[in-house]
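Spelled out, the chains give:
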Amino acid sequence: MESMKKYGINYDFTSLKDLTSTIKGYDLVVCLGGDGTFLKAASHIEDDTKIMGLNTDPDRSYCSFSCYNPRIYLLEPDSIWEKMLAGEYDVLKRTRI
């Protein structure tokens, strides 16, 4: 979160267990966890807010929905925000059932 502050990125933080309402009006939701956490968080999004997954246990799980390797983030924490702010990312749209 320190690297987010460095770039002037405003953020809210909540844990999955405290997430009881809908998510809307954000530019991006960053989800830390695995596929289950990602899917649970995504189910709370009610508009076109984008969601990005960060696999927090890459040694034991593959995480199909997580798109950012935490090992790179730990080595280069600013790289993710520099790329996001520069628009250097791809959006993969999925249909929700």
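Above this text is the structure in question.
Residues numbered from 1 in each chain as written. Predicted model: local features only at pLDDT ≥ 70, side-chain atom pairs only at ≥ 80, totals over all residues. Heavy atoms only, no water.

J.: How do you make sense of the overall build of the protein when you look at a structure like this?
T.: Looking only at helices and strands, one finds four helices and three strands in the protein. In the protein, the order of α-helices and β-strands from amino to carboxyl end is α-β-α-β-β-α-α. Within the protein, counting contacts between residues at least 6 apart in sequence, those at least 24 apart form 37% of the total. For the protein, the exposed area adds up to about 7,400 Å²; of that, 52% sits on carbon and sulfur atoms. (Helix = DSSP H or I, 4+ residues; strand = E, 2+ residues; numbered from the N terminus. Contact = heavy atoms within 4.5 Å. Areas by Shrake-Rupley, 256 points an atom, 1.4 Å probe, with all protein chains shown as cover.)

J.: Please clarify how the pairing of strand β2 (residues 50-55) should be interpreted in this entry.
T.: If a strand is regular, its side chains alternate between the two faces of the sheet. Inspection of the sheet shows strand β1 (residues 28-33) paired to β2 by six bridges, in the parallel sense. Paired with V30 across the strands is M52, a residue of β2. Note that the unit made of β1, helix α2 (residues 35-42) and β2 has a crossover that is right-handed. (Pairing = 2+ DSSP bridges. Right-handed = clockwise from strand over helix to strand, strands pointing away.)

J.: Would you explain the pattern of salt bridges in this entry?
T.: Any two side chains of opposite charge can pair, given that their charged atoms come close. Applying the stated criterion to the full structure yields one salt bridge. As a salt-bridge pair, D18 and K17 come within 3.7 Å of each other at their nearest N and O atoms. (Salt bridge = Lys/Arg side-chain N within 4 Å of Asp/Glu carboxyl O.)

J.: Can you walk me through α2 in this structure?
T.: For the α-helix, the turn length of 3.6 residues means that residues three or four positions removed from each other point alike. Along α2, the positions that sit buried rather than exposed are F38, A41 and A42. Looking down the long axis of α2, one finds its buried residues gathered within 100 degrees of arc, a one-sided arrangement. Those residues of α2 that are buried lie in contact with β1 and β2. (Buried < 20%, exposed > 50% of the residue type's maximum accessible area, 1.4 Å probe, protein only. Arc of directions from axis to C-beta.)

J.: Just to check I follow, could you spell out the environment of I23 for this structure?
T.: Topologically, I23 is positioned in the loop between α1 (2-6) and β1. Judged by its relative accessible area of 10%, I23 falls in the buried class. In this structure the C-alpha to C-alpha distance between I23 and T49, which are 26 residues apart in sequence, comes to 8.1 Å. Excluding residues within four positions of it along the chain, I23 makes contact with V29, A41, H44, I45, E46 and D47.

J.: How should I be thinking about the side chain of T49 in this particular structure?
T.: Considering the arrangement of structural elements, one finds T49 in the loop between α2 and β2. With relative accessibility at 8%, the residue T49 sits in the buried group. Within the local environment of T49, its side chain forms a polar contact with the backbone oxygen of Y26, the two atoms lying 3.1 Å apart. Within the structure, T49 has its side chain in polar contact with the side chain of D47 (distance 2.5 Å). Setting aside residues up to four positions removed in sequence, T49 forms contacts with K24, G25, Y26, D27, L28 and V29. (Polar contact = N/O pair within 3.5 Å; in protein donor to acceptor, adjacent residues only side chain to side chain.)

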